[in-house]
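# Report on the structure
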Amino acid sequence: MAGGVGASTFAANLAWELCNLPDTEGVRVCVIDLDLQFGTIATYLDLPRKEAVLEILTDAGAVDADSLMKSMLTFNDKLHVFTAPADMLPLEMVTAEDIGKILDTAQVNFDFVIVDLHPSYSQLNQAIFERADRILVPVTPDVPALRAAVQLRDLAVTEAYEDSFGEALSYFPRLPPAAGTPSGDTHGATRYLRLLEQ
């Protein structure tokens, strides 16, 4: 849940790879950038940002399949992309219910919905977590990022979305041994890795 760990890059690549799996002709995939202030999915895919995104976000009660599709761009004729707004959006302008409505509409219209979000434990993100089949949290092998992953795992247990979160942890890479430290433990990082495995 720390910024700068590659989550947006991972989300864009995961969505694109899902579009290109063998025997997936007709499978519909979208990526939704819900980092409403600093979203970068459009930048990674070299796409403009659409003004219609702001309309959807600020009037989510009226969203339907048609308006959601019109607010999206298409990357390489396969991947549907709901970009972050062109300008920073004050987070209080969008409610958890708004996000829920957008995601519910997307889930009805796509086989895979990949959501990139701001690294926080906000009400907006909790609305996303509640609807997620899987929560993937890229972390770098440093203590602050690992500590944040442990905190998120604990939150997932408390809020009853641990089933969505649990499998994601097995994808985390192991720490390489640190130079000059026989145990390979850099500032307690392996202690956090052990906590993640519990």
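In case you missed it, the structure is sitting above this.
Reference entry: report on the structure contained in this document. Keep in mind that what you see is a predicted model, and the values were worked out from it rather than measured.

For the rest of this paragraph, the subject is the sheet that holds strand E4 (residues 112-117). Strand order in this open sheet of 4 strands is E2-E3-E1-E4, and the pairing throughout is mixed. In the strand order of this sheet, the two ends are held by strand E2 (73-75) and E4, each with one partner. Taking the axes of each pair of neighbouring strands and ignoring which way they run, one obtains an average angle of 25° across the sheet. Examined bridge by bridge, strand E1 (residues 29-34) and strand E3 (residues 79-82) share 4 bridges and lie parallel to one another. What sits directly across from Val-31, in E3, is Val-81. Along the sheet, helix H1 (residues 7-19) contacts E1, E2, E3 and E4; its crossing angle with E4, the most-contacted strand, is approximately 170°.

Turning our eyes to something else, we now look at empty space enclosed by the protein. On inspection of all chains with the given rule, the structure shows 2 cavities of 30 Å³ or more. Estimated volume of the largest cavity: approximately 100 Å³. Lining the largest cavity are Leu-34, Asp-35, Leu-36, Gln-37, Leu-91, His-118, Ser-120, Ser-122, Leu-124, Asn-125 and Ile-128. Among the elements that take part in the lining of the largest cavity, helix H6 (residues 123-131) stands out by supplying 3 residues, more than any other. In terms of residue class, the lining of the largest cavity is made up of 5 nonpolar, 5 polar and 1 charged.

About the thresholds
Residues numbered from 1 in each chain as written. Predicted model: local features only at pLDDT ≥ 70, side-chain atom pairs only at ≥ 80, totals over all residues. Heavy atoms only, no water. Pairing = 2+ DSSP bridges. Helix = DSSP H or I, 4+ residues; strand = E, 2+ residues; numbered from the N terminus. Axes fitted to C-alpha atoms, helices over the stretch in contact; angles between N-to-C directions. Contact = heavy atoms within 4.5 Å. 1 Å grid on protein atoms, 1.4 Å probe; cavity = no way out; pocket = protein on both sides within 12 Å on 5 of 7 lines; lining within 4 Å. Points joined across faces, edges and corners; volume = space filled by probe spheres on them. Nonpolar A, V, L, I, M, F, W, Y, C, P; charged D, E, K, R; others polar.

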